[in-house]
Amino acid sequence: DAKTTQPPSMDCAEGRAANLPCNHSTISGNEYVYWYRQIHSQGPQYIIHGLKNNETNEMASLIITEDRKSSTLILPHATLRDTAVYYCIVRLPSSSNTGKLIFGQGTTLQVKP
Amino acid sequence: SQTIHQWPATLVQPVGSPLSLECTVEGTSNPNLYWYRQAAGRGLQLLFYSVGIGQISSEVPQNLSASRPQDRQFILSSKKLLLSDSGFYLCAWSPDAWNEQFFGPGTRLTVL
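The present account deals with the structure reproduced in this document. From a predicted model like this one, the values you see are computed outputs, not experimental measurements.

What counts and what doesn't
- Residues numbered from 1 in each chain as written.
- Chains lettered and ligands numbered in written order.
- Predicted model: local features only at pLDDT ≥ 70, side-chain atom pairs only at ≥ 80, totals over all residues.
- Heavy atoms only, no water.
- Helix = DSSP H or I, 4+ residues; strand = E, 2+ residues; numbered from the N terminus.
- Buried < 20%, exposed > 50% of the residue type's maximum accessible area, 1.4 Å probe, protein only.
- Contact = heavy atoms within 4.5 Å.
- Areas by Shrake-Rupley, 256 points an atom, 1.4 Å probe, with all protein chains shown as cover.
- Lys, Arg positive; Asp, Glu negative; His and termini not counted.
- Charge placed at Lys NZ, Arg CZ, Asp CG, Glu CD.
- Core = buried A, V, L, I, M, F, W, Y, C linked by side-chain atoms within 4.5 Å.
- Pairing = 2+ DSSP bridges.
- Axes fitted to C-alpha atoms, helices over the stretch in contact; angles between N-to-C directions.
- Disulfide = S-S within 2.5 Å.
- Phe/Tyr/Trp six-rings, centres within 6.5 Å; stacked < 30°, edge-to-face > 60°.
- Lys NZ or Arg CZ within 6 Å of the ring centre and 35° of its normal.

### Structural notes on the overall build of chain A
Next, step 1: A tally of helices and strands in chain A yields zero helices and nine strands.
Next, step 2: Each helix (α) and strand (β) of chain A, taken in turn from the N terminus, gives the series β-β-β-β-β-β-β-β-β.
Next, step 3: Structurally, chain A occupies a C-alpha span of about 40 × 30 × 25 Å along its principal axes.
Next, step 4: Counting the 113 residues in chain A, one finds 45% classified as buried.
Next, step 5: Residue pairs at least 24 apart in sequence account for 57% of intrachain contacts in chain A once pairs closer than 6 positions are excluded.
Next, step 6: By element, 49% of the accessible surface of chain A is carried by carbon and sulfur atoms, the whole surface being about 5,700 Å².
Next, step 7: With 10 positive and 9 negative side-chain charges, chain A shows a separation of 4 Å between the mean positions of the two kinds.

The following block contains the structure:
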């Protein structure tokens, strides 16, 4: 099973870009990288996912290295409401029929005014 | 649009008492359903998942059970609660195995 490694915490100034790294060196060729975030006392919220190519949506951008061993989630203009725990997740190959997600400890992003 | 409901929002129960948490999804059919638990200061742990009515898979041995009596209803139960069952319980759904999961508002359970 591919595991992920994230820094436990990061700070970011309001209005600046927040770059959250994730290492997944044992990822296999058919595994996707997913990002979720959890604002305090709420359920997790899906942000973005990708396989090989960089992805962008209205919330964030996902940059995946060419060897796929790491990725970076970019919040282009962080706001105070982006303060949350951010989870990088690699979907397990055996989850092809179930969609199981395995959450790690995540990165606590603190956006400061 | 699809919505997911969980109740109750908060619950305080004595050790040894039974438990029933309910999760319902609206606006979709035959979803995959999931129960997660988040203990204080820790990450989310997948407890159960279901790909259809009456189909339940357990991820970890524990004091809890799950049932899916209807297509869009997922219930988490216990006959006798333990102190270690305290936590934040989250239900999630996805349209299939390949799409993202959508989480409910959660139930915060305190066992005393």
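Now that the structure has been shown, we can carry on.
### A few points about the nonpolar core
Next, step 1: If you look at the biggest cluster of nonpolar residues, it comprises 21 residues, and the most contacted ones within it are Leu20, Trp35, Leu73, Leu75, Tyr86 and Leu109 of chain A.
Next, step 2: Those elements that provide at least two residues to this core are β2 (18–23), β3 (33–38), β4 (45–50), β6 (61–64), β7 (70–75), β8 (84–90) and β9 (107–112) of chain A.
Next, step 3: In terms of residue count, β8 of chain A provides more of this core than any other element does, four residues in total.
Next, step 4: Not counting residues up to four positions away in its chain, the partners in contact with tyrosine 86 of chain A are Gln6, Leu20, Trp35, Tyr36, Arg37, Ile47, Leu73, Leu75, Gly106, Thr107 and Leu109 of chain A.
Next, step 5: In terms of nonpolar packing, the next biggest core, distinct from the first, is built from 19 residues, Leu19, Leu76, Trp93 and Val111 of chain B among them.

### Let's talk about the sheet that holds β9 of chain A
Residues and elements named next belong to chain A.
Next, step 1: Taken in spatial order, the five strands make up an open sheet running β1-β9-β8-β3-β4, and their pairing is mixed. Only two strands of the sheet have a single neighbouring strand rather than two, namely β1 (9–13) and β4. Strand-to-strand twist of the sheet, defined as the mean angle between neighbouring strand axes without regard to direction, takes the value 25°.
Next, step 2: Pairing of β8 with β9, which is carried by three bridges, proceeds in the antiparallel orientation. Opposite alanine 84, over in β9, you have leucine 109 as the bridge partner.

### Observations regarding the state of the cysteines
Residue and element names in this part refer to chain A.
Next, step 1: Applying the stated criterion across every chain yields a total of two disulfides over all chains.
Next, step 2: Residue pairing for cysteine 22: its cysteine sulfur links by disulfide to cysteine 88, the two sulfurs lying 2.1 Å apart. Taking the torsion about the sulfur-sulfur bond, which here is approximately -80°, the covalent link between cysteine 22 and cysteine 88 counts as left-handed. Here cysteine 22, found in strand β2, pairs with cysteine 88, found in strand β8; they are 66 residues apart in sequence, far enough to count as distant.
Next, step 3: A relative accessible area of 1% places cysteine 22 in the buried class.
Next, step 4: Of the cysteine sulfurs around cysteine 12, a residue in no disulfide, the closest is that of cysteine 22, at 18 Å.

### Re the pairing of strand β8 (residues 73–78) of chain B
Residue and element names in this part refer to chain B.
Next, step 1: Counted residue by residue, β8 has five buried out of six residues, so it is predominantly covered.
Next, step 2: Pairing analysis gives six bridges linking strand β3 (residues 19–26) to β8, with the strands arranged antiparallel. Residue cysteine 23 lies in a different strand from β8, and its bridge partner there is phenylalanine 74.
Next, step 3: Hairpin connection from strand β7 (residues 65–70) to β8: two residues lie between these consecutive antiparallel strands.

### Concerning the packing of aromatic side chains
Next, step 1: Per the counting criterion, the structure on display carries eleven aromatic pairs over all chains.
Next, step 2: Where phenylalanine 103 of chain A meets tyrosine 36 of chain B, the ring centres are 5.6 Å apart and the plane angle is 90°; that geometry is what we call edge-to-face. Residue phenylalanine 103 of chain A is found in the loop between β8 and β9, and its partner tyrosine 36 of chain B is found in strand β4 (residues 32–38); the two belong to separate chains.
Next, step 3: Take phenylalanine 103 of chain A: its relative accessible area is 8%, and that puts it in the buried class.
Next, step 4: Of the residues examined, tyrosine 36 of chain B reaches a relative accessible area of 0% and is grouped as buried.
Next, step 5: Seen from their ring centres, tyrosine 34 of chain B and tyrosine 36 of chain B are 6.4 Å apart, and the 35° between their planes marks the pair as tilted.
Next, step 6: Judged by relative accessible area, which is 1%, tyrosine 34 of chain B ranks as buried.
Next, step 7: Directly above the aromatic system of phenylalanine 88 of chain B lies the positively charged group of arginine 108 of chain B, at a separation of 4.3 Å from the ring centroid.

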